[in-house]
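Listed here are the chains, written in short residue letters.
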Protein chains: 2
Amino acid sequence: MASAGSIAALDLLAEKFGRLGGIGKRTAMRLAFSVLDLSEEEAEAFAEAIVGAKKTIHCCPVCQNLTDREVCPVCSDPTRDKSTVCVVQDTKSLLAIEKVREYNGTYHVLHGLISPMQGITPDRIKIKELITRLAGDSEVREVIIATNPTAEGEATAMYISKLLKPCGIKVTRIANGIPVGGELEYADQYTLQRAFEGRREF
Amino acid sequence: MASAGSIAALDLLAEKFGRLGGIGKRTAMRLAFSVLDLSEEEAEAFAEAIVGAKKTIHCCPVCQNLTDREVCPVCSDPTRDKSTVCVVQDTKSLLAIEKVREYNGTYHVLHGLISPMQGITPDRIKIKELITRLAGDSEVREVIIATNPTAEGEATAMYISKLLKPCGIKVTRIANGIPVGGELEYADQYTLQRAFEGRREF
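Now for a quick tour of the structure.

The rules behind the values
- Residue indices follow the written sequence of each chain, beginning from 1 at its first position.
- Naming scheme: in the order in which they are written, chains are lettered from A and ligands are numbered from 1.
- With the structure being a predicted model, the display of local features is reserved for residues of pLDDT at least 70 and the display and counting of side-chain atom pairs for 80 or more, all residues being used for whole-chain, interface and lining totals.
- For side-chain calculations, the full set of non-hydrogen atoms in the structure is used, while hydrogens and water are omitted.
- Think of each axis as a best-fit line through the C-alpha atoms, taken over the contacting stretch in the case of a helix, with angles from 0 to 180 degrees between the N-to-C directions.
- Helix numbers and strand numbers start at the N terminus; a helix is a DSSP run of H or I with at least 4 residues, a strand a run of E with at least 2.
- Here roughly perpendicular refers to angles of 65 to 115 degrees, roughly parallel to angles under 35, roughly antiparallel to angles over 145, and oblique to all remaining angles.
- Here, residues are in contact when the closest pair of their heavy atoms is within 4.5 Å.
- Residues are grouped as follows: Ala, Val, Leu, Ile, Met, Phe, Trp, Tyr, Cys and Pro are nonpolar; Asp, Glu, Lys and Arg are charged; all remaining types, including Gly, are polar.
- The classification of residues rests on relative accessible area computed with a 1.4 Å probe and restricted to protein chains. Under 20% of the type maximum is buried, over 50% is exposed, and intermediate values are partly exposed.
- Pairing between strands is defined by DSSP: at least two bridges between them are needed.
- With the strands aimed away from the viewer, a crossover counts as right-handed if its path from the first strand over the helix to the second runs clockwise.
- Each nonpolar core is a collection of buried residues, namely Ala, Val, Leu, Ile, Met, Phe, Trp, Tyr and Cys, held together in the definition by side-chain atoms within 4.5 Å.

At a closest axis distance of 9 Å, the pairing of helix H3 (residues 40–56) of chain A and helix H3 (residues 40–56) of chain B adopts a crossing angle of 180°. In terms of axis orientation, H3 of chain A runs roughly antiparallel to H3 of chain B. Touching Glu 40, Ala 43, Glu 44, Phe 46, Ala 47, Ile 50, Val 51, Lys 54 and Lys 55 of chain A of H3 of chain A are Glu 40, Ala 43, Glu 44, Phe 46, Ala 47, Ile 50, Val 51, Lys 54 and Lys 55 of chain B, all from H3 of chain B. For the contact of H3 of chain A with H3 of chain B, the per-class residue count stands at 10 nonpolar, no polar and eight charged.

Here it is in structure tokens:
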């Protein structure tokens, strides 16, 4: 039963916030209260932004990255190196790489990682789209797999590398090691081991 | 400049989330991504809940509590004791008290606390509404001030108690002390001092 002080419209709004990833009950209620502090115009603009984002954002037909254009800005940029495809887990990873402004190739966004524990089989993520793309694009020379170095990320990287082997395309994996500015003292044994394995000559 | 990977509709949505209280840039972007995981119907229902809450929720003309009815459920409940008014900082405090289901009086919601540091003067919160209400309602016998025991909460309590003194209404303040289940070891000196001052005979 709702307590006497409860407000139906506020509870409904909190319930909607609660459907967003990683938002607990208390935070959902706090956010619902925050909406009441907006002006009516701001609240309407917020509502429109939600519907607008959902309506206009879709997957780029080339790289599967989220975009509100027909083809995403990276794929439609003639200055980007189309011979390299960097495979990432999601758009967040892509945005992180783009922020560095070092990588000039294209991407392929998987929208997930293989995870038998969570019932995510290879057909549930955009692996077949990658295979179809590579089969139809003879320009690609290298596929860099940049999934996170977690159990799922490693398994997905391994799966894709095995799939691509027969295609004769060079498949690489981003390096593991001590983060720049990090301390050996706080690195876990696996990272340290990989840092040694990946050592390079001066 | 936006990086090549940025998506205008997503950035706009993240900016809207960022206007809610206590939401930083990273969380705002995470929430914007979460919206994309909703179905189109869910996103529309979310948008409607925002506009709906903002449109229907207003202050109760009696106690200033947020409500989506003409008069709030507490004020319109004939079984509530109208001789006692509990003054609280905001609707969140009211909901916390209502949850306990012990207090059977009515409320007055200030929507803020006096804070000269933040430029919140007594006229910026709903103190005059309390005075007007008490002046027009001879039924009220006691005003319990239940603002938080912070510097601002104490100052506001003191200010209201001084204002009400000439009215001949009993003005009380909720007790400070060690929380039930708490440990003396971890209580600060002010709390301990108040706990001793407020000691009661068995």
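We are not done yet, so read on.
Residue and element names in this part refer to chain B. Most of strand S4 (residues 105–109) is tucked away, with five of its five residues classed as buried. Summarising the sheet, strand S3 (residues 81–88) and S4 pair through five bridges and their orientation is parallel. What sits directly across from Cys 86, in S4, is Tyr 107. In the classification by handedness, the crossover that spans S3, the intervening helix H4 (residues 91–100) and the parallel S4 is right-handed.

This part is about the nonpolar core. Among the nonpolar cores identified, the biggest contains 46 residues, and Phe 17 and Phe 46 of chain A together with Phe 17 and Phe 46 of chain B are the most heavily contacted of them. When residues of this core are traced back to their parent elements, those giving at least two are helix H1 (8–17), helix H2 (25–37) and H3 of chain A together with helix H1 (8–18), helix H2 (25–37) and H3 of chain B. Contact partners of Phe 46 of chain B, with chain neighbours within four places excluded, come to Leu 13, Lys 16, Phe 17, Leu 20 and Ile 50 of chain A together with Phe 17, Val 35 and Leu 38 of chain B.

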